[in-house]
Structures are given as C-alpha cells and as structure tokens.
Amino acid sequence: MEFNNPAENNVFDRAKVIGQPLRRIDGPLKVSGTAPYAYERHDAVPGQAYGYPVGSAIAKGRITNIDTSAAEAAPGVLGIVTTLEHDPIENLWDYDPVRHFGGDEILHYHQAVAVVVAETFEQARAAANLLDITYERDESANFDLSKTPQASGDSDADPVQNVGDFESAFASAAVKLDQTYTTPAESHSMMEPHATIAAWDGDKVTLWTSNQMIEWGRQSIAKAFDIAPDNVRLDSPYLGGGFGAKLFVRSDAVMAGLAARKVGRPVKVTLPRPMVFNNTTHRGETIQHIRIGADENGKITAIGHHNATNALTAVGGENATLPIVAFYAGANRHIVNAPAKMHLPNSNAMRAPGETAGLMAFEIAMDEMAEKLGMDPVEFRIANDTQVDPGNPDVPFSDRHFVECLERGAETFGWSNRNTAPGATRDGAWMIGHGVAGAYRPAPVQKSGARVVLEPDGTLRVESDMTDIGTGSYTVMAQTAAEVMGLTIDDVSIDLGDSNYPVSAGSGGQWGAASATAGVYAACVALREQIAERLAVAEGDLTFEDGAVRHGDTSTPLSQIGKGEEIAAEDSIEFGDFRSKEALVSTFGAHFVEVAVHAHTGEIRIRRMLAVCDSGRILNPLTARSQVIGAMTMGVGGAIMEEMAVDHRHGFFVNHDLAGYEVPVHLDIPSQEVIFLETTDPYSTPLKAKGVGELGLCGVAAAIANGVYNATGVRVRDYPVTLDKIIGQLPAV
Amino acid sequence: MRAFSYERASSPQAAAQAAMARDNAKFIAGGTNLLDLMKLEIETPTHLVDVNGLGLDTIEETDAGGLRIGALVSNTALAADERVRRDYGVLTRAIVAGASGQLRNKATTGGNLLQRTRCPYFYDTNMPCNKRAPGTGCSAIEGFSRSLAAIGGSDFCIATYPGDMAVAMRVLDAEIETVDPDGETRTIPIADFHKLPGETPEVENELRPGELITAVTLPASVGGRHFYHKVRDRSSYAFALVSVAAIVNEDGTGRVALGGIAPKPWRDETAEAEMPNGASAVMRRLLADAKPTEENQFKVPLAERTLAAVLSEAKG
C-alpha cells in the first residue's frame, strides 16, 4: 500500500479498539517472568555453551600478543576466539560505522578483543581472566571535547541551516543572549544488557538476540559472517529496553556467531554491564554555543547555534542542532553541527538523539531570554511559535499545536500561581521553584510490513519482524488489526521480532508505532480484499464489525469465509514523499515541573511533573502514557544525575556500572501527569498517528534546570545540575 | 570469579581457625559485597568460610545498659529493633539510608563494617590502584574523584569508606568484639577499627589474620536527638557524597561523625565540643586538615552546610 495523500475519514475514526486504553497483551508474561529474553532462551537450541567477552584494557594502540595458553588449559574451556585471528569486522551498517571485532588495532576502551567459550558461565568468566594480552599504547589520543577546535567554534563544518543574515540581525537585536551550555555523555542503561545466542547449521546462522531493528541486524550479520542475508535468522520477541543501544548489532552478536562457528556449538554471549558503557555506544557529549536575538516585544530575530560533540567515526555524535532548525520562529539563523574526532567509544543514537541534548541547552536559553525580556517564559514561547518551517516558510507544519500544549499545561499546572522571583519561595528547609520547557521531535516513518492470517475459527494472527522494546508494539498492532477487521483484541494473536516474518519499520526514532500499525493496516486491507473477492463484492462495500463481514443485509461470520482453511495476506505501507515535501510532520509538547532545592545542602528533588503532548492520534492512552512517564523519568536522570564521567588520561568512561552511573529510582519520581491533546495528523499515517516515546524526553531536563534556577536564583548551564554546582551560591547558613 | 573451596564453620573459634589454616581464605556472611568483588576478580579468595550457621544473630542487653549486637544480625533486623529505634535512632536512620531493602535483608552487622570502597578505579582491574594492587599507583587522585575522600587520604589512596551503619556506630562509641584462632577475644573501639590508607591502603582495618568479628556493642543510651542526614544526587540507593550522623542535646552540645568524605567514619571529639557554637565552628576543626581534589572540594562546604541543616532541624 502506498500512502501518497493525506488520510481521509477511515476505519480508524470509529475508534472502537484503536485509541482505547487496553492493557499490554504481553504484560502478564512480563510480570510473571515468563517472557523469554535472549540470554534465557535455554530451550531455543540444545547444547548451548557460554562465551565470556574480554574488552581492551587500553583506549588506543594495538595488541602485540595474546597468550591464550593458561585460559585454554582452564577447566571447561571449549575454545577461544581472539581479535588477532580475524580481519576487522566493521562498518556493518551505514548508520553505525564502527569496528566490532578483529584486527590488532585498538580504537577505544573495552573494544572486544576476545571471547572465551566454556561449558559454564563461571568457567568462561574465570578463563577469560587468564588471557595474557600485551598492548602497545598510542599516546596520541584525544579524550577531552573541551580541547578540540570544534569546542571553541573553530570548525570547517558547513551550516545545517543558514537563513537570512544572522550576524547582523544578532548584532542589532534589542535583547541578546550569548551563552555556552554543556551536556555530558549518557548511557542508555537499559535493564537488559546486550545478549545473543548463536547457532550454526551449515552456512546458516540463527541469532536469538535483543535487537530493535531486525532487518538491519539481519543484513549486518550477513555482512559480518560473509553469508547471504537469507542464511541469517534473527529472533528477538522481547527486549528489556533498548533506547537506541540495540538499533544495531553489537559485539555480543558478532562474538557469539564467531565463537559458535569455531567451537561447533551454540554459544551465548552477554556483555557484562561495564562493557555496555565502553564497548557499545552512548549519547555523545556536547558543547553548545547559543546566541539568540529578539526585538523588545519578544519576537526572536536571530538564532545562532554551534554544537561540538565527540565522535570516533564519521557517523557519530549527538547532533544537538536537530530541533533548533525548526522549533521556533526567527528569520535569521546560523546553525552548525561540528562533530570532533575523538578516541572515546563512538557515540550514536540514544532516545530522541539530537533533540534531547539540543533542547537541554536551548530551552534553558529560552528561559534566560524570557527573563531578559521581562516576559513570562510561557508567553515568550507562544510569541515565537511558528506554523511554517522557519528555514523554508513555504512548507507548513502538517499539524502543530505547540501553543495549545503550553496553554493547557499552564492552566493545568497552575502556572499563574508559580514562584516568580528566583529564590523567593520556601517550604521549610526547601526552596521551591517552577520550570517550563518546550518539546519538539519530528515524526519520521519507515516502510513497514506485516502478514495477517485469518484462522478458520475466525480469529486473526499477525506476524511481523517489528519489535516491542517495552513500548507496547504488540498491543497497538493488535488493536489496529482488530479495528480494521471488526474484531476484539482478544480475537487477535501476534508474533513479532522474527526475521522470518515480513520486514517492518522496527523500533527507533519514535517511528515504530506509527509505521508498524500502518503496516498492519496495509496487510489487513489486503486480507479484506481477498475476502471481498471470495464474496464477489467490492471491498469498499463491506463493513467489518462484531466478528463478521456485512454486505447490505447479509452478514457472514469471519469464521465462515475460509471454509476451514486459513486466509493469509501480506503487505507493506510505503510512505510517499508528499509527506516530507508538502509539510513538516512533527510532534510537540510542553513540560512543567516543580522542584525543591534544600537551602542548606543543595539537594535537588522533583515534586511534580506535567507533560502535555501533541502527537496525533494516541493509539492507546495507557501504553502512550507509560512511554511518556518513562521518558520524563529519563529526563529527570539527565537533568540531575546522569553523566558518564570521562577520564581524560586513560580515555574511558569511568563510572561504568549502575552503582557509579546513577539513574532515577522510584523515590526520585513524584507525581507525573500526562495530557494528550486530542489531535489527528492526516499527513502522518492512515491512522493519523505520530510517535510519542521520544517526545516525552525532549525538554524535560531543561524544565528541571529552569526550575532549579527559579528555586535558587542559581543558573547552571552544565548538566547534570548537581548540588556541587550550586552550593557555593546558595544563601549563607 | 576464580574457583574456591568452601566450608561451613561450626563455632566462631573454629571459623577463625579455618580461615587461619589456609592461605587466602575469607569469611562469608551475607556476601553482598564480597561476591560482587569476586566476580570482578578484585577479591580472589581460594577458600570461603561460611559463618552463617554460627548463631550470633541476636541483640541482647548488656550489664552496662547497652546492647550487644551479634555479628550476623541483618541490617534489616538491626534497624527494626525496638530498642535500637528508641535509644539509638541515629543507627536505624543510617542503616535505612543505605543500600536497598533486599541488600539490607542479606547484609550483616559484621560484614557491613568491612564493606570496601566504591572508588571506580578500585572497581576496574585494568586501572592502577594501590588498594587493589599495591604499588601500581592511584588513578583517582588526578582522575574522577568527585565521590572520593576530601580528608584522611594519602598520596597513595583517596578512597572513601562507603558505608552508613559504621558512621552511626562511630558517633555512638560502639565497640567491636572479635575472636581469634586461639579463642582469644578482644574489644576494639570503632574509632580504632578502620585504618587510614597512609602508604598501605590495602590494609583497611585492625583485624588480624583469622580474626572474626562476633559482635558490636553499644554503650548505654546517651539520649539527645538523633539525626542521620545523607546527601546524594538521587534520593535512594546511592552512596553518600557526605553524610552527617549527629546526636544533639537540649543545651546544644552533642556528637557528630561524617560519612562519605574520608577513608573511615570521620569524628573528632575536640571538634564536636564546638557544637554549641554552630556548624562552622565544628567544621573548622573537624575538616582543618582537608585536602580535597578540585572535583570534591565541594564536600567541605557541603559537610558544614549539612551539619547546619541538622542543627537547624534540632532547634526547630
């Protein structure tokens, strides 16, 4: 099915199943511990051996020797694969040009250099520690973003947006801001680390793994092992989170495959938590130089943004400019993204890549501008709303209700009763502050397919390689099928995550739900057409409802259509370029927070949070809300605790476990309220839906940082906003 | 984790003998710290002596009007004990400020005293660390040191003692009872139990080879209001940036010990004599010898401000 025009009134507008707050159909499996995650698929294949990975002890240089003799002699050891016995296995996917294994060169700390296979996990781990690896260190490395030319704005990168005449508009602006903000590297820190079981059958390999993008992974594994893609099967029905860390295959999959081939047994490999931090990927650090000019009425006239970020390879870094080019009005704009070649592990996508760090900085800058202008920060944002692409005013937003997000949020939150003078409101020992920030994230889509099978009993089976990374894909896809076929969700079963099924959009970039449900729609329409053919009527004349298909006065139960046989249909949704040419399709939101800062100690605690989201049709308010409150929680982490600390001498992220890298705990998260505007965006998909899982994170940290300023009068421009950065400026005790 | 042999001891003295009889033996009780360190091969014992079957899990009143806490009393049980909550509130508050419910169920009184540092370089076996591998150097002093010691460290090590329970015990003048392989018992004041790193950061406490902690005794209640203010970036399940254990009397006198700032619970009886004069006066003495790094220098004003918060709360 091609989606070449905006959606009109269609089956989804009846919203009997879609849009309903149904509980996740995989929920009982998750809470009862019976959803099988990759490493626990003990029954997937017999004879599984354990591979334990070894990461490089240095950040840059080469390996001159690996003495495996002691490890080989250790109890239970079945085999050892070292990096020296393979050519580099690298650049498996265009968006992730990194080296996973192979060769003597060390490009970053904890690069995978060996995997030791044994009968038990403990034997493999013990033997792995017996490898004697000789390194030759290369001291000509750079691990400090602040010391790169890019950090001081000295880069030859072309602007990503250069509109009007920024320099003169900024020079002549009545009110100006010129500040630098920094955001640290962040770790996805999903619950389930990367894990894979690999088994070979001749030149065919199956990987039971934890991966967000099954088709990308299938192609990547084929390249890694130099086999045809059709000889690769990936199966990843359940993931314990990903947040972008599992968009691409990682060294666990490569090592499991290499090891299984070498020892002639299925091998399972998981990355120990410390290797997740330095072996895989992370959100890059940024240093952002922001300049905003406005007239005395608060209209922005000039936006300058320069983003420096760490990247090991050509594709890497946190591109913080992404939201800046389109979020706010402003006729004169000069925006540059400048990745700096550094020797930390490569940075890549982490939930709302670009928007997260960009809005962490820019939404503080907006708060500072509002203060300079003497404007309410909500009013200042409203004054600079735009309904068109500010870089190309001929292109409108397809459906943008940012102003309504702000207004609805302000009313619900009680913004008019907020503390207005920084540092002026106390509740006992605590200083109380309020902060607001805007949220912006595009609503991309990807081609997505599914297969649907009408069973002889009138129930429906849906199959797709789409993944559910904890987001609710199973549920919203089943809801879609039920809606289109006139069934209840209980009539629909659904299998996901297997590369034997049709290729879907996968989970990433908040495109998953919007694309995959449209793919299910396409497959269901194909099935309806087959049914129409069997009934010898036009598909458009049929009504599917209550488990039956109605034509005029005739109603036929779906169980009778196939006459004892199943009827299968398969199709994909393909999105035409009208969607990107005629309009900007994006999602919008506003975050409001109340924070408390201890006047003596500077401890920062969140009191309440509100998000208002404009994301088109909400497919399931329950799963969507879970997405947003999870994202808000991640925003709290980014605001006040999360930082991968860089050791600039040894070149690695030091706090590489979940004791050292703190993410929020339950006690950090107070009441969270989420409001979804009742909007639909016909430019987005046939369901008029857009993603929401990444939008929920955008701007959260800045709202908190602005709240801390409002509570204390101390402006912190370097994340995370921790007490050591404010304690010196708190009132004397 | 390296392979190890394992035995269950039948009595405290037998446990001490068993540990003495082999090179590189360790006691194991709750295992909440030791097992993690073994997995990372930071600890590599070849023999474990399991002391869980030894009893030592009761809290009894002493003739002196205090409490004797068996070494195997869990953190959960200790914090919940009615007498502890009534007379030693600082101890309950400190314990529940640490770890998580699950860990406190397993962690024991004796084991908690022996909790090892959370210095990130200690935890990464690729990195130099004088505590883990004596003579290799300290990575932390010029490295990521935000969470590390601002006082009491040396040129060899700036690791902090990470626990909470012992900070409260320090302010309560607890004493540690032990038995050695010969069956000899002795009592070690908690002030002397943990050692400063000096040139031997690998030596963390006063225990001799084979010596087993059997109990911790608390003197009779000293009254006063009890506080434990633990400052950290997140609200729970995190080690202290700074913590203040304090007992404050009606007349403004009292006791104070600091956690999270030094290689051992940090208390100085002459400094706390200044408590009636306020937090600043106390800290001028207590932290007079502070040698913070650039990254952890905030701990010095933070300690003072945290004590000020406690004193303010005591007044209020």
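Residues numbered from 1 in each chain as written. Chains lettered and ligands numbered in written order. Predicted model: local features only at pLDDT ≥ 70, side-chain atom pairs only at ≥ 80, totals over all residues. Heavy atoms only, no water.

In the nomenclature of an unreviewed UniProt entry, chain B corresponds to Xanthine dehydrogenase family protein subunit M from the organism Jiella avicenniae.

Under an unreviewed UniProt entry, chain A has the name Xanthine dehydrogenase family protein molybdopterin-binding subunit and belongs to Jiella avicenniae.

Colleague: Just to check I follow, could you spell out the pattern of salt bridges for this structure?
Modeller: When their charged atoms lie close together, side chains carrying opposite charge are able to pair. Residue and element names in this part refer to chain B. Counted by the stated rule, this structure contains 66 salt bridges over all chains. In this structure, Glu-204 engages Arg-116 in a salt bridge whose closest nitrogen and oxygen atoms are separated by 3.0 Å. Of this pair, Glu-204 sits in the loop between helix H9 (190–193) and strand S8 (212–218) while Arg-116 sits in the loop between helix H7 (109–113) and helix H8 (165–171), and the two are 88 residues apart along the sequence. For Glu-204, a relative accessible area of 17% puts it in the buried group. Accessibility expressed as a relative area gives 13% for Arg-116, which makes it buried. (Salt bridge = Lys/Arg side-chain N within 4 Å of Asp/Glu carboxyl O. Helix = DSSP H or I, 4+ residues; strand = E, 2+ residues; numbered from the N terminus. Buried < 20%, exposed > 50% of the residue type's maximum accessible area, 1.4 Å probe, protein only.)

Colleague: What is the right way to read the interface of chain B and chain A from this model?
Modeller: Buried accessible area, meaning the area lost when the parts come together, often serves as the stated size of an interface. At the junction of the two partners, chain B supplies 35 residues and chain A supplies 40 residues. Summed over the shared surface of chain B and chain A, the number is 2 salt bridges. Glu662(A) is the partner of Arg234(B) in a salt bridge, and the nearest nitrogen-oxygen pair spans 3.9 Å. Scanning the region where chain B abuts chain A turns up 16 residue pairs in polar contact (both at pLDDT 80 or more). Going through the elements one at a time, strand S9 (225–231) and helix H12 (299–315) of chain B are the ones with two or more residues in the side of chain B that touches chain A. For the side of chain B that touches chain A, the element with the highest residue contribution is H12(B), accounting for 7 residues. Here the residues of the side of chain B that touches chain A are counted per class, giving 16 nonpolar, 8 polar and 11 charged. (Contact = heavy atoms within 4.5 Å. Polar contact = N/O pair within 3.5 Å; in protein donor to acceptor, adjacent residues only side chain to side chain. Nonpolar A, V, L, I, M, F, W, Y, C, P; charged D, E, K, R; others polar.)

Colleague: What am I meant to see in the sheet that holds strand S17 (residues 300–311) of chain A here?
Modeller: By way of backbone hydrogen bonds, the strands of a sheet pair with one another, either parallel or antiparallel. Residues and elements named next belong to chain A. The strand order across the open sheet built from 5 strands is S10-S18-S17-S16-S11, with neighbouring strands paired in mixed fashion. In this open sheet, the two strands that pair with only one neighbour each are strand S10 (159–163) and strand S11 (175–183). Within this sheet the neighbouring strands show an average axis-to-axis angle of 10°, counted without direction. Relative to S17, strand S16 (residues 286–294) is paired through 9 bridges, and the arrangement is antiparallel. When the bridges of S17 are listed, Ile-287 appears paired with Ala-308. On top of the sheet, helix H8 (residues 355–373) reaches S11, S16 and S17; it is set at about 150° to S11, its chief contact. (Pairing = 2+ DSSP bridges. Axes fitted to C-alpha atoms, helices over the stretch in contact; angles between N-to-C directions.)

Colleague: How should I be thinking about the side chain of Ser56(A) in this particular structure?
Modeller: With respect to the element layout, Ser56(A) can be found in the loop between strand S2 (49–55) and strand S3 (61–67). When its relative accessible area of 0% is taken as the criterion, Ser56(A) is described as buried. Non-local contacts of Ser56(A), meaning those with residues more than four positions away in its chain, are made with Ile106(A), His108(A), Tyr109(A), His110(A), Gln111(A), Val113(A), Tyr135(A) and Asn126(B).

Colleague: Whenever I open this one, the side chain of His306(A) confuses me. Can you help?
Modeller: Residues and elements named next belong to chain A. Relative to the assigned elements, His-306 resides in strand S17. Judged by its relative accessible area of 12%, His-306 falls in the buried class. Once residues lying within four places of it in the same chain are set aside, the contact partners of His-306 are Gln-150, Gly-153, Ser-155, Ile-287, Gln-288, His-289, Val-336 and Ala-338.

Colleague: Explain the UniProt feature "domain: FAD-binding PCMH-type" (unreviewed entry) in chain B to me, please; I cannot follow it from the model alone.
Modeller: Per the UniProt annotation, the sites labelled "domain: FAD-binding PCMH-type" (unreviewed entry) are residues 1–223 of chain B. What you have in residues 1–223 of chain B is 26% helix and 16% strand, and the ends, taken at the C-alpha atoms, are 46 Å apart. (UniProt positions renumbered as here; feature names shortened; annotations may be inferred.)

Colleague: For this particular structure, what's the right way to read the pairing of strand S18 (residues 332–341) of chain A?
Modeller: As a general feature of sheets, a regular strand has side chains that alternate between the two faces. Residues and elements named next belong to chain A. Across the 10 residues that make up S18, a large majority, 7, are buried. Summarising the sheet, S10 and S18 pair through 4 bridges and their orientation is antiparallel. Bridged to Val-163 within S18 is Arg-333. Pairing between S17 and S18: 10 bridges, direction parallel. Counterpart to Gly-304 in the pairing with S18 is His-334.

Colleague: I would appreciate a short explanation of H8(A) in the present structure.
Modeller: Structural remark: α-helix, 3.6 residues per turn; residues separated by three or four positions point the same way. All names here are of chain A. The end-to-end C-alpha separation of H8 is 25 Å, in line with the 27 Å expected for 19 residues at 1.5 Å each. Across the 19 residues of H8, 17 count as buried, placing the element largely inside the fold. Where H8 terminates, the next one or two residues include Gly-374, which has phi positive at roughly 70°. (Expected span 1.5 Å × (residues − 1).)

Colleague: Would you explain the sheet that holds strand S9 (residues 132–137) of chain A in this entry?
Modeller: Residues and elements named next belong to chain A. Overall, antiparallel pairing links the 3 strands, which are arranged S7-S3-S9 in an open sheet. Strands at the two margins of the open sheet, each flanked by one partner only, are strand S7 (105–106) and S9. Pairing between S3 and S7: 2 bridges, direction antiparallel. Residue pairing across strands places Arg-62 opposite Glu-105, the latter belonging to S7.

Colleague: Hey, could you run me through the packing of helix H14 (residues 621–640) of chain A against helix H15 (residues 700–712) of chain A in this one?
Modeller: Two measures define how a pair of helices packs: the angle their axes make with one another and the distance between the axes. Residues and elements named next belong to chain A. The geometry of H14 relative to H15 is characterised by a closest axis approach of 7 Å and an angle of 50° between their N-to-C directions. When the interaxial angle is binned, H14 and H15 end up oblique. Like other packed secondary-structure pairs, H14 and H15 cross with a definite hand, here right-handed. Across the interface between the two elements, Met-632, Gly-635, Val-636, Gly-638, Ala-639 and Ile-640 of H14 pack against Val-700, Ala-701 and Ile-704 of H15. (Parallel < 35°, antiparallel > 145°, perpendicular 65-115°, else oblique. Left-handed = near helix turned anticlockwise from the far one by under 90°.)

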